[in-house]
Amino acid sequence: MKALMFGWEFPPHILGGLGTASYGLTRGMWECGDMDITFVIPKPYGDEDRSFAHIIGNSQVPVAWRDVDRDYVDARIGKLMPPDLYFRLRDHIYADFNYMRTNDLGCIEFSGKYPSNLLEEINNYSITAGVIARTLDFDIIHSHDWLTYPAGIHAKQVTGKPLVIHVHATEYDRSRGKPNPTVYGIERDGMIHADHIITVSNLTRQTVIDHYGVDPAKVTTVHNAVVPLSPELLNVENLRQTKEKIVTFLGRITMQKGPEYFVEAAAKVLRNCSNVRFVMAGSGDMMDKMIQLAAERGISDRFHFPGFQKGKQVYEMLKASDVYIMPSVSEPFGISPLEAMQMGVPSIISKQSGCAEILTNVIKTDYWDIDAMADAIHAIITYPALYKQLREDGLKEVAQITWDKAGRKVIDIYNKVLGR
Amino acid sequence: MKAICFNFEIHQPFRLKRYRFFDIGKDHYYFDDFLNEDIVTRVAHNSYIPACETLLRMIEQNEGRFCCSIAVSGLAFEQFEHYVPELLELLDRLHKTGCVEFVAQPFSYGLSSLVDSEEFAAQIAATASILRNRFGIEPKIVRNTELIYFDDIAPQLVELGFKGVLTEGAKHILGWKSPDYVYTAASAPKLKVLMRNRKLSNDIAERFGDTSWPDFPLTADKYIDWIAATPQDEQIINVFLNMETFGDLHPGNTGIFQFLEALPRFAYERGIEFITPSQAVAKIKPVGEISINHPISSAGEESDTSAWLGNSLQNEAFDKLYAQAERVRECSNRALKRDFQYLQACDHFFYMNTRNPGFSPYETPFAAFTNYMNVLADFEMRVKEEFPSQIGNEELNSLLLTIRNQGAEIETLNKELASMRKSVEQYNIEHVKRDELKAKAEPAEKAPKKAKAPKKAVAGKTAAAKKKSEK
């Protein structure tokens, strides 16, 4: 079966959980066999793992005809796209986009991030998707998250192939219930046009049904999974300098992630315990507020903000931690606790996160229950048996949560949609 | 003749309240009175009271021919006193019929038998004293927590005056043997062992209300048929059940009370009698010895202690609790002793079970562990306050050993002292005699010696004075 997937991020250049999940799922589906997947991303860098999927970058898709020869194309974008594909795509330009800002190859430039003109970039993504959809042969369209829903709808309209959308998050999660109407509109449009909707948790499924008015029969949950860590990452150097216990928060410091509850819980723990430090790694629009809050609570000497961590740094941070905490107010899934468990770090997660639905060897609290959170932190750092139990059983548990199982479920959904 | 030996277990733990780590050192009351009252009264009204009333009716209808045994934990007794005294009156009435035997068991329904024989003896004695005070009886049969039993405790049970013990008919112990006989304990032949018939007990306890069970519905007629179908020479069918089985595990509307009530009629029709454990131990001849090296219990397929001590959380909590046992016994603080008993209930450890979590007031085993350890941390602090903190555990043990041995030591020392005194006296007498002789013999020699000493001192002083003047 041939699938055309639209995504926004792909490892190693990722900004959040979306890229990790897209990669894992694609790979998991490929492991199930008999899958030919084309994965479209705005801006590839050439170092992506292409062993299990064809990767097409929107920034290499021509939307305006340019008279270029083969060698020139090869020299310009050869490491990102085979020249043959470029010419095939060029043959399928469906309108004159010369009024747009295009480069020497007739392509639109993409940032591949979340720039301030994000809506424009989403629109451009959809334009290039139209060229791709007209060029390639595929059975089904799969759009990851709202950024690519317009592209999915476009592809469906020009080819008549069924559309599956994958809801990794909703605007309700990101905004704590006060959605941006434009984003909400794009999301709802995608859901209406979709033949089937995949959500990453039952929590998200319920949001889709309740807030977007979608027929429950059209929505299926496929929980995320994790890719086993490479030995290199598992054995990263332990940089810990101190004998004190370390409690770590890793993620964007935004309203959705509930960072203030972590600060408050830390203040409670520090009132009774002295041998512990707290780390809030990441960046985001609430970081300054959190630094101020920590100062107000008088715990700044034990509460640290090392900033955004990427790649190997994330695992070094986990390796040096005794507790991982994710107090998200609303987390569609939340892959990071699974990664912490892979590194053998006991986790505390909020009940309002999707991964709480599938994990047992973690401590779950309500995000607002800072007493419970403080108690859980204290328990893990004070009672070695609890640490050991969570660590060992957590490792066993997370080893069972693999992407091929999730991939199998997605393939089953494809078959159902295609009526096979 | 075949007989059914019924034993009904009644136990309710004191469940802990949500105890946060910031309560440690501040709040010394650990129990959730509202929850405990709620559960105890509910279970009493759904189960214990109607079950006891049913037993009472069975005894009256059969004019004393029906008999059974009941075991009540100390913690349950205490909670009934607070919340459902009418149940205690029912137990009194059951006792007065003379057809119900009360069996001793650990006061806390805890696991002390596994680690601390002294605590175990105290626990059994505490329940025995309740039975003595309430019913004026001296229990002769003992049933350990969850039917836990192993060879090591048998001699102790004999020493405590018990004639028989109830335990699980664990498959891996019995092998080809049948539980439907009386056995003797290998390590203490005086002690008779009654083993639960697992199949026939669980037919009621686990399967009675199970509609997917091929033998559903279970009727008294059918049940007695199964018992009658056991081999002729099997004389005793031990059916040991939790009292909650009736009315709580299987609600009253499943007809379980009527099932129970109908049993004697069908039993007598087929010549099957009922027997109490004491009667069984006295009347039925044991067929052989049974040896159990590792503790067995009624819990789970494994019939071992892994339901309470199967993971590292449980073991940690358990070890930390019993590390306090010695100190608690030595102190005289009543509140501390009470809390120690309440904390020993095996239920607390069962809530930490990660493999097959059963009923628990906690959401997860980790929450159960955290809560318990927080309580224990506060408890430890209180125990420490009773003793000077600089005394380490080992030091304390050696001190305790000294205290315990001091009687014997004082005695030996006294003896030694007495003999020394005698010899000293003798020596003195001899010495006086000798002195007298010496004084007579050498009066001249002593005089010059005395004169020499002062001379030397004088010489020393003059030498020092000389040196000073030279400088």
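Everything numeric in this text was worked out from a predicted model, so none of it was measured.

**Student:** Before we move on, can you summarise the overall build of chain B with the specific residues and values?
**Tutor:** Across its full length, chain B holds 18 helices and 12 strands. Taking 23 Å as the expected radius of gyration for a compact globule of 471 residues, we find that chain B reaches 33 Å, considerably beyond that expectation. Across its three principal directions, the C-alpha atoms of chain B cover 120 × 55 × 40 Å. Relative to its 471 residues, chain B shows a buried fraction of 42%.

**Student:** Can you break down the overall build of chain A residue by residue, with the values?
**Tutor:** Along the backbone of chain A there are 16 helices and 13 strands. Relative to the compact-globule value of 22 Å for 420 residues, chain A shows a C-alpha radius of gyration of 23 Å, a close match. Its C-alpha atoms put chain A at 70 × 45 × 40 Å along the principal axes. Each of the 420 residues in chain A was classed as buried or not, and the buried ones make up 49%. Of the contacts made within chain A by residues no fewer than 6 positions apart, 70% connect residues no fewer than 24 positions apart.

**Student:** Tell me about the domain arrangement of chain B, and name the residues and values.
**Tutor:** By a widely used convention, the size of an interface equals the accessible area lost when the partners come together. Partitioning chain B into domains gives domain 1 (2–308) and domain 2 (407–463). One C-alpha centre belongs to domain 1 of chain B, the other to domain 2 of chain B, and the line joining them spans 76 Å.

**Student:** Any chance you could break down the packing of helix 10 (residues 259–272) of chain A against helix 14 (residues 370–382) of chain A for me, citing the residues and the numbers?
**Tutor:** All names here are of chain A. Close contact between helix 10 and helix 14 brings their axes to 8 Å; oriented N to C, the two are set at 60 degrees. Comparing their axes, helix 14 and helix 10 come out oblique. In this structure, helix 10 crosses over helix 14, and the sense of that crossing is right-handed. Together, Tyr261, Glu264, Ala265, Lys268 and Val269 of helix 10 and Ile370, Met373, Ala374, Ile377 and His378 of helix 14 make up the contact between the two elements. Classifying every residue of the contact of helix 10 with helix 14 gives seven nonpolar, one polar and two charged.

**Student:** Can you lay out unusual backbone geometry for me, pointing to particular residues and giving the numbers?
**Tutor:** A:Pro12 follows A:Pro11 through a cis peptide bond whose omega is 5 degrees. Following the sequence through the fold, A:Pro12 ends up in the loop between strand 1 (2–6) and helix 1 (17–31). Although it is not a glycine, A:Asp34 sits at a positive phi angle of roughly 60 degrees. One can find A:Asp34 in the loop between helix 1 and strand 2 (36–41). Residue A:Asp34 is classed as exposed on the basis of its C-beta count, with 8 C-beta atoms lying within 10 Å. With phi around 50 degrees, B:Glu63 is a residue other than glycine that occupies positive phi space. With respect to the helices, strands and loops of the structure, B:Glu63 is situated in the loop between helix 1 (33–61) and strand 2 (68–72).

**Student:** How would you sum up the sheet that holds strand 3 (residues 54–57) of chain A? Please name residues and give values.
**Tutor:** Residues and elements named next belong to chain A. Taken in spatial order, the seven strands of this open sheet run 3-2-1-4-5-6-7, and their pairing is parallel. Each edge of the open sheet carries a strand with a single partner, namely strand 3 and strand 7 (219–221). The average undirected angle you get between the axes of adjacent strands in this sheet is 20 degrees. Sheet analysis places strand 1 next to strand 2, joined by five bridges and oriented parallel. By the bridge assignment for strand 2, Met5 is matched with Phe39.

**Student:** Quick rundown of the nonpolar core? Include the residues and the values.
**Tutor:** By size, the foremost hydrophobic cluster in this structure holds 240 residues, and its most contacted members are A:Ile377, B:Ile4, B:Cys5 and B:Ala317. Residues in contact with A:Ile377, not counting those within four places in the same chain, are A:Val247, A:Ala265, A:Val269, A:Val323 and A:Ile348.

**Student:** So what's going on with the domain arrangement of chain A? Residues and values would help.
**Tutor:** Residue and element names in this part refer to chain A. Parsing chain A into structural domains produces domain 1 (2–225 + 403–418) and domain 2 (231–399). Between the C-alpha centres of domain 1 and domain 2 there is a distance of 32 Å. Contact with domain 1, which involves 17 residues of that partner, is made by 12 residues of domain 2. Counting only elements with at least two residues in the side of domain 1 that touches domain 2, the list comes to helix 1, helix 6 (171–174) and helix 8 (202–212). In terms of residue class, the side of domain 1 that touches domain 2 is made up of four nonpolar, 10 polar and three charged.

**Student:** Explain the sheet that holds strand 13 (residues 363–365) of chain A to me, using residue names and the numbers behind them.
**Tutor:** All names here are of chain A. If you walk across this open sheet you meet the six strands as 10-9-8-11-12-13, and the pairing is parallel. Each of the sheet's edge strands pairs with one partner strand only, and the pair in question is strand 10 (303–307) and strand 13. Adjacent strand axes in the sheet meet at a mean angle of 25 degrees, parallel and antiparallel pairs treated alike. Sheet topology note: the strand 12 (residues 347–350)/strand 13 ladder contains three bridges and is parallel. Note on strand 13: the bridge partner recorded for Ile348 is Ile363. Packed on one face of the sheet, helix 10 meets strand 8 (245–250), strand 9 (276–281), strand 10 and strand 11 (323–326) and runs near 170 degrees to strand 9.

**Student:** So what's going on with the pairing of strand 8 (residues 236–242) of chain B? Residues and values would help.
**Tutor:** Residues and elements named next belong to chain B. The element strand 8 is largely enclosed, with a buried count of six among its seven residues. In this sheet, strand 8 lies alongside strand 1 (residues 2–10) in parallel orientation, the contact comprising seven bridges. Pairing of Cys5 across the sheet is with Asn238, part of strand 8.

**Student:** Quick rundown of the confidence of the model for chain B? Include the residues and the values.
**Tutor:** Do not read the fine detail of predicted coordinates wherever pLDDT is low. Residues and elements named next belong to chain B. For chain B, per-residue confidence averages 90 on the pLDDT scale, and residues scoring 70 or more make up 92% of the total. When mean pLDDT is taken per element in chain B, strand 2 scores highest with 97 and helix 18 (residues 443–470) scores lowest with 50. Low confidence marks residues 450–466, where pLDDT is under 50. Its contacts with residues over four positions away, or in another chain, come to zero contacts. At the level of chain-chain contacts, confidence expressed as ipTM amounts to 0.77, with global pTM at 0.80.

**Student:** Explain the confidence of the model for chain A to me, using residue names and the numbers behind them.
**Tutor:** In the predicted model, chain A carries a mean pLDDT of 93, and the fraction of residues at 70 or more is 100%. Predicted confidence in chain A is weakest over helix 6 of chain A, with a mean pLDDT of 87, and strongest over strand 6 (residues 196–199) of chain A, with 97.

**Student:** With reference to specific residues and values, describe the environment of A:Trp30.
**Tutor:** All names here are of chain A. Here Trp30 is to be found in helix 1. Considering only alpha carbons, one finds Trp30 and Trp403, 373 residues apart in sequence, at a separation of 10.0 Å. Apart from residues lying up to four places away in sequence, Trp30 is in contact with Met35, Ile37, Phe52 and Ala53.

**Student:** Please set out the environment of B:Tyr372 residue by residue, giving values where relevant.
**Tutor:** All names here are of chain B. Mapped onto the fold, Tyr372 is located in helix 16 (residues 365–386). C-alpha separation for the pair Tyr372 and Phe162, spaced 210 residues apart in sequence, amounts to 34 Å. Setting aside chain neighbours within four positions, we find Tyr372 in contact with Leu16, Ala317 and His348.

**Student:** Let's hear about the environment of A:His142: which residues, and what values?
**Tutor:** Residue placement: A:His142 occurs in strand 4 (residues 140–144). Ignoring anything within four residues of it in the chain, the contact list for A:His142 reads A:Ala3, A:Met5, A:Val164 and A:His166.

**Student:** Pulling in residues and values, what's your account of helix 14 (residues 334–344) of chain B?
**Tutor:** Within the span of helix 14 of chain B, buried status applies to B:Asp339, B:Phe340, B:Gln341, B:Tyr342, B:Leu343 and B:Gln344. Against helix 2 (74–83), helix 12 (312–322), helix 13 (325–330), helix 15 (346–350) and helix 16 of chain B lie the buried residues of helix 14 of chain B.

**Student:** Give me the packing of helix 5 (residues 149–159) of chain A against helix 7 (residues 181–193) of chain A: which residues, what numbers.
**Tutor:** Residue and element names in this part refer to chain A. It is the contact of helix 5 with helix 7, at a shortest axis distance of 9 Å, that shows an interaxial angle of 35 degrees. Like other packed secondary-structure pairs, helix 5 and helix 7 cross with a definite hand, here left-handed. Seen from helix 5, the contacting residues are Tyr149, Pro150, Gly152, Ile153 and Lys156; seen from helix 7, they are Ile186, Glu187, Asp189, Gly190 and His193. Counted by class, the contact of helix 5 with helix 7 contains four nonpolar, three polar and three charged residues.

**Student:** Give me the pairing of strand 11 of chain A: which residues, what numbers.
**Tutor:** Residues and elements named next belong to chain A. Covered by surrounding structure in strand 11 are Val323 and Ile325 together with Tyr324 and Met326, the residues of both alternating faces. Sheet topology note: the strand 8/strand 11 ladder contains two bridges and is parallel. The residue of strand 11 that forms the bridge with Thr248 is Tyr324. Across three bridges, strand 11 lies against strand 12 in parallel orientation. Bridging across to strand 12, Met326 finds its partner in Ile349. Between the parallel pair strand 11 and strand 12, the chain is carried across by helix 13 (residues 336–342), and the sense of this crossover is right-handed.

Rules used throughout
Every chain is numbered independently, its residues counted from 1 as its sequence is written. Written order determines the labels here, with chains lettered from A and ligands numbered from 1. Per-residue local features of the predicted model are confined to residues with pLDDT of at least 70, and side-chain atom pairs are confined, for both listing and counting, to 80 or more; whole-chain, interface and lining totals are unaffected and use all residues. Only runs of H or I of at least four residues qualify as helices and only runs of E of at least two qualify as strands under DSSP, and these elements are numbered from the N terminus. To get the radius of gyration, use the C-alpha atoms; to get the globule rule, take the number of residues to the power 0.38 and multiply by 2.2 Å. Exposed residues have 12 or fewer other C-beta atoms within 10 Å of their own C-beta, buried residues have 20 or more, and residues in between are partly exposed; the C-beta atoms are placed from the backbone. Once C-beta atoms are placed from the backbone, any two residues with those atoms within 7 Å are in contact. Throughout the structure description, domain borders are defined by an automatic or database domain assignment. Helix axes use the C-alpha atoms of the stretch in contact, all axes being lines fitted to C-alpha atoms, and the angles between their N-to-C directions lie in the range 0 to 180 degrees. Should an angle fall under 35 degrees it is called roughly parallel, over 145 degrees roughly antiparallel, and 65 to 115 degrees roughly perpendicular, with every other angle called oblique. Note: crossing handedness is left-handed where the near helix turns anticlockwise from the far helix by less than a right angle, and right-handed where it turns clockwise. Charged means Asp, Glu, Lys or Arg here, nonpolar means Ala, Val, Leu, Ile, Met, Phe, Trp, Tyr, Cys or Pro, and polar covers whatever is left, Gly included. In this analysis, strands are considered paired if DSSP registers two or more bridges between them. Remark: nonpolar core denotes a set of buried Ala, Val, Leu, Ile, Met, Phe, Trp, Tyr and Cys residues whose joining runs through C-beta atoms within 7 Å. Scored between 0 and 100, pLDDT is the confidence that the predictor attaches to each residue. Note on handedness: a crossover is taken as right-handed if, strands pointing away from the viewer, the path from the first strand over the helix to the second is clockwise.

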